[in-house]
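Working through the structure, step by step
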Amino acid sequence: MDQIAVLIPCFNEERTIGKVVTDFKKTLPDAAVYVYDNNSNDRTAAVARDAGAIVRKETLQGKGNVIRRMFREVDAECYIMADGDDTYPAEAAIEMVKRVLEGQADMVVGDRLSSTYFDENKRHFHNFGNALVRKSINKLFKSNIRDIMTGYRAFSYQFVKTFPVLSKGFEIETEMSIHAIDKNMNVANVVVEYRDRPDGSSSKLNTFSDGAKVIRTIVSLFETYKPRAFFCGIALVLFLLAAVFFIPIFINYRKTGLVPNFPTLIVCGFTVIAGLQSFFSGIILHTLRKKDRQDFEKDLIRCQERYVELVKGKEEH
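Let me sum up the structure you'll find in this document. Owing to the predicted nature of the structure, the values given are computational and were not obtained by experimental measurement.

**Some words on the packing of aromatic side chains**
Applying the stated rule across the entire model yields 14 aromatic pairs. Arranged with centres 5.0 Å apart and planes meeting at 15 degrees, the rings of Phe155 and Phe159 form a pair that is stacked. With a relative accessible area of 0%, Phe155 lands in the buried category. Members of the aromatic cluster, each reached through a chain of ring pairs, are Phe71, Tyr79, Phe155, Phe159 and Phe163.

What follows is the structure, given as structure tokens:
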């Protein structure tokens, strides 16, 4: 078991990965640096290995798939996750590691948006998207995470081993943030300097397609983690629609005793039924979510016991 493990998912980062590995080994000399190559067609793996990294491979394409394998295979007291594009300063990892090892946080967010991100990042739609996602999630989930989509984070053993990775791509950071909020884990924000990619290094993100995936992920996770609010919101919309079309029919009936728009009345009835189904679905799923939270707490206890065993085993050796 490592005390500190630096996890770097990579796809075609030959130009920058050597410097990233060297910087982290210099900043955290006792850390094990892992580079997971995700089907690169350049010399990313060779350059990382020459720089002193432990290189492994993930054949399923997508950042989420890489992180799933990382979290499954590596045991450490503290994890640092960073990108291989040399946009994050390794020096910030010292404070992030300290927050985790001293028990102050289960997840430390490397906050780019409070420093140089909007000045350095020349992709204006990315800037708008990051700000929109941050405000949306903090509003929906009543949190205060300052950078939802940053790829620079630190984690405790308990977070890594209890986090169910579902996303396949770049929406994984959003999933991590919402999981930490929902499970009432300690989250800390550390402001980090951000620098844009060097010349010759290109981003793998597509502003519109990956942005759409992130939005779908937010909606899906809101449905999963807040089912009562999600389905009761749908029920409210259906009830309002039914009322809008029913009120004129009712007024006309009071005046004339006739219902000339009988098909509309039938549709209003079905809309109310759909609203009731949505309402009770939200109540039932909310109850199931409570049971899921109880099961998670039990898993957390088992994870802590496993962590203590690993630490003791490391000390004995």
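**Some points on a positive patch on the surface**
There is a patch of like positive charges on the surface, built from Lys139, Lys142, Lys226, Arg228 and Lys290. Note on placement: Lys226 falls in the loop between helix H9 (207-225) and helix H10 (227-256). Overall, Lys226 belongs to the partly exposed group, its relative accessible area being 33%.

**Re the nonpolar core**
Core analysis: the biggest nonpolar cluster contains 44 residues, and Phe71, Tyr79, Phe155 and Met176 have the highest contact counts within it. Apart from the residues within four sequence positions on either side, Met176 is in contact with Ile67, Phe71, Met81, Met107, Arg153, Phe155, Phe159 and Phe163.

**Concerning helix H8 (residues 172-182)**
When you tally the buried positions in H8, you get 11 out of 11 residues, the bulk of the element. Looking one or two places after H8, you find Asn184, whose phi comes out positive at around 55 degrees.

**A closer look at the pattern of salt bridges**
Scanning all chains against the criterion turns up 20 salt bridges. Salt-bridge contacts for Asp86 lead to Arg195; the nearest nitrogen and oxygen are separated by 2.9 Å. With Asp86 in the loop between strand S4 (76-81) and helix H4 (93-101) and Arg195 in the loop between strand S7 (187-191) and H9, this pair connects stretches of sequence that are 109 residues apart. Take Arg195: its relative accessible area is 29%, and that puts it in the partly exposed class. One network of salt bridges, with partners in common, ties together Lys19, Asp23, Asp86 and Arg195.

**Comments concerning the pairing of strand S3 (residues 54-57)**
Note that strand S2 (residues 32-37) and S3 share four bridges and pair parallel. Pairing of Val35 across the sheet is with Val55, part of S3. Since S2 and S3 lie parallel, the crossover through helix H2 (residues 44-50) that links them has a hand, and here it is right-handed.

**Here we look at empty space enclosed by the protein**
For the coordinates displayed, the defined rule picks out one cavity of 30 Å³ or more. The computed volume of the largest cavity comes to approximately 30 Å³. Around the largest cavity sit Val20, Phe24, Ala82, Asp83, Asp86, Thr87 and Tyr88, which together line it. Looking at side-chain class alone, the lining of the largest cavity contains four nonpolar, one polar and two charged residues.

**Topic: the environment of Asp30**
With respect to the element layout, Asp30 can be found in the loop between helix H1 (17-27) and S2. With 32 residues separating them along the chain, Asp30 and Gly62 place their C-alpha atoms 29 Å apart.

**A word on helix H11 (residues 262-316)**
The end-to-end C-alpha distance of H11, which contains 55 residues, comes to 80 Å, matching closely the 81 Å that a straight helix rising 1.5 Å per residue would cover. All of the buried residues along H11 are Cys268, Thr271, Gly275, Ser278, Gly282, Arg289, Phe296, Cys303, Tyr307, Leu310 and Val311.

**Here we look at a nonpolar patch on the surface**
Taken together, Phe239, Val272, Leu276, Phe279, Phe280, Ile283, Ile284, Leu285 and Leu288 make up a surface patch of nonpolar side chains, about 740 Å² in accessible area. If you tally residues by element for the nonpolar patch, the top one is H11, at eight residues. Relative to the helices and strands, Leu285 resides in helix H11. On the basis of relative accessible area, Leu285 is assigned to the partly exposed category, the value being 33%.

Here is what the cut-offs are and how they apply
The written sequence of each chain sets the order in which its residues are numbered from 1. With pLDDT at 70 or above as the cut-off, local features in this predicted model cover only qualifying residues; side-chain atom pairs require 80 or more to be listed or tallied, and sums for whole chains, interfaces and linings still use all residues. The basis for the side-chain values is all heavy atoms of the structure; hydrogens and waters are excluded. Pairs were defined over the aromatic rings of Phe, Tyr and Trp, the Trp ring being its six-membered one, requiring ring centres within 6.5 Å. Orientation was assigned from the angle between planes: stacked under 30 degrees, edge-to-face over 60, tilted for the rest. For the exposure calls, accessible area comes from a 1.4 Å probe over protein chains only, and a residue counts as buried if that area is under 20% of its type's maximum, exposed if over 50%, partly exposed in between. Here the term patch refers to residues with relative accessible area over 30% and no salt bridge, with like charges joined within 9 Å and nonpolar side chains (Val, Leu, Ile, Met, Phe, Trp, Tyr) within 5 Å. What sets the accessible areas is the Shrake-Rupley method with a 1.4 Å probe; for residues, cover comes only from the shown protein chains. When a carboxyl oxygen of Asp or Glu is within 4 Å of a side-chain nitrogen of Lys or Arg, the pair counts as a salt bridge. Charged residues are defined here as Lys and Arg on the positive side and Asp and Glu on the negative side; His and the ends of the chain fall outside this count. Where a charge sits is defined by one atom per residue type, namely NZ (Lys), CZ (Arg), CG (Asp) or CD (Glu). Each helix is a run of H or I in the DSSP string that is no shorter than four residues. Each strand is a run of E no shorter than two, and both are numbered from the N terminus. Throughout this description, the term nonpolar core refers to a set of buried Ala, Val, Leu, Ile, Met, Phe, Trp, Tyr and Cys residues connected via side-chain atoms within 4.5 Å. Here, residues are in contact when the closest pair of their heavy atoms is within 4.5 Å. Each pair of strands is called paired provided DSSP finds at least two bridges between the two strands. Handedness of a crossover: with both strands directed away from the viewer, a clockwise path from the first strand across the helix to the second marks it as right-handed. For each structure, a 1 Å grid was placed over the protein atoms alone; sets of points admitting a 1.4 Å probe that cannot get out are labelled cavities, open sets with protein on both sides within 12 Å along at least five of seven lines are labelled pockets, and lining residues have an atom within 4 Å of a point. Grid points are joined across faces, edges and corners, and a volume is the space filled by probe spheres set on the points. Following the grouping adopted for this structure description, the nonpolar residues are Ala, Val, Leu, Ile, Met, Phe, Trp, Tyr, Cys and Pro, the charged ones are Asp, Glu, Lys and Arg, and the polar ones are all others, Gly among them. Working rule for helices: expected span equals 1.5 Å times residues minus one.

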